[in-house]
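Here's the letter readout for the chains.
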Amino acid sequence: CAAGYTSPVQHSQAFVCSIHQSANSWSLVAIGTPPQCNAQECIYAKPVGNQFVHNCAGKTTGTSCSVQCAAGFVGSPTILSCAANSSFTGTTPVCRATTTTDVTTST
């Protein structure tokens, strides 16, 4: 399997080469069953903290997720990508806490 993918079978698959002849040509044919490869889940560099809201849980190699600032925080949303090393790549947003000012008037 390619990087970022695993096979439930822990050994390599074997193929047999066969020569196939037809009319005026010859060809080689690989006979066998290709491995079943499953994308690995990204478990490293997930956004952490109450300032983030994201959909990164359960993402696998080759997929992406969006990260935005939670309520009470401001900042621009970003996209993270799940790389073959089971780690998210990209930059998380810079989320700054919003402040509120109470205005009291007296008469």
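Structure: see above.
Being a predicted model, the structure only gives us computed values, none of them experimental. (Residues numbered from 1 in each chain as written. Predicted model: local features only at pLDDT ≥ 70, side-chain atom pairs only at ≥ 80, totals over all residues. Heavy atoms only, no water.)

Student: When you look at the nonpolar core in this model, what are you seeing that I'm missing?
Tutor: If you look at the biggest cluster of nonpolar residues, it comprises 10 residues: Cys-42, Phe-52, Cys-56, Cys-65, Val-67, Cys-69, Leu-80, Cys-82, Phe-88 and Cys-95. The element best represented in this core is strand β6 (residues 64–69), accounting for 3 residues. In this view, Cys-69 contacts Gln-51, Val-74, Gly-75, Pro-93, Val-94 and Cys-95; residues no more than four positions away in its chain are not counted. (Core = buried A, V, L, I, M, F, W, Y, C linked by side-chain atoms within 4.5 Å. Buried < 20%, exposed > 50% of the residue type's maximum accessible area, 1.4 Å probe, protein only. Helix = DSSP H or I, 4+ residues; strand = E, 2+ residues; numbered from the N terminus. Contact = heavy atoms within 4.5 Å.)

Student: What am I meant to see in the side chain of Ser-86 here?
Tutor: Along the chain, Ser-86 falls in the loop between β8 (78–82) and β9 (88–89). A distance of 3.0 Å separates polar atoms of two side chains, one belonging to Ser-86 and the other to Gln-40. Those residues in contact with Ser-86, other than ones at most four positions away along the chain, are Gln-40, Glu-41, Cys-42, Ile-43 and Tyr-44. (Polar contact = N/O pair within 3.5 Å; in protein donor to acceptor, adjacent residues only side chain to side chain.)

Student: I tried to follow the state of the cysteines on my own but got confused; where do I start?
Tutor: In a disulfide, the sulfur atoms of two cysteines are held together by a covalent bond. Within the structure shown, the criterion is met by 4 disulfides. There is a disulfide in this structure between Cys-1 and Cys-37, and the S-S distance comes to 2.1 Å. Across the S-S bond linking Cys-1 and Cys-37, the dihedral sits near -90 degrees, which makes this disulfide left-handed. Of the two residues, Cys-1 is situated in the segment before β1 (5–6) and Cys-37 in the loop between β3 (25–31) and β4 (38–39); the sequence distance between them amounts to 36 residues. The disulfide that involves Cys-69 links it to Cys-95, with 2.1 Å between the sulfurs. Linking Cys-69 and Cys-95, the disulfide has an S-S dihedral of approximately -90 degrees and is accordingly described as left-handed. With Cys-69 in strand β6 and Cys-95 in the loop between β9 and β10 (96–97), this pair connects stretches of sequence that are 26 residues apart. (Disulfide = S-S within 2.5 Å.)

These results come straight from atomic positions and should not be treated as a statement about function.
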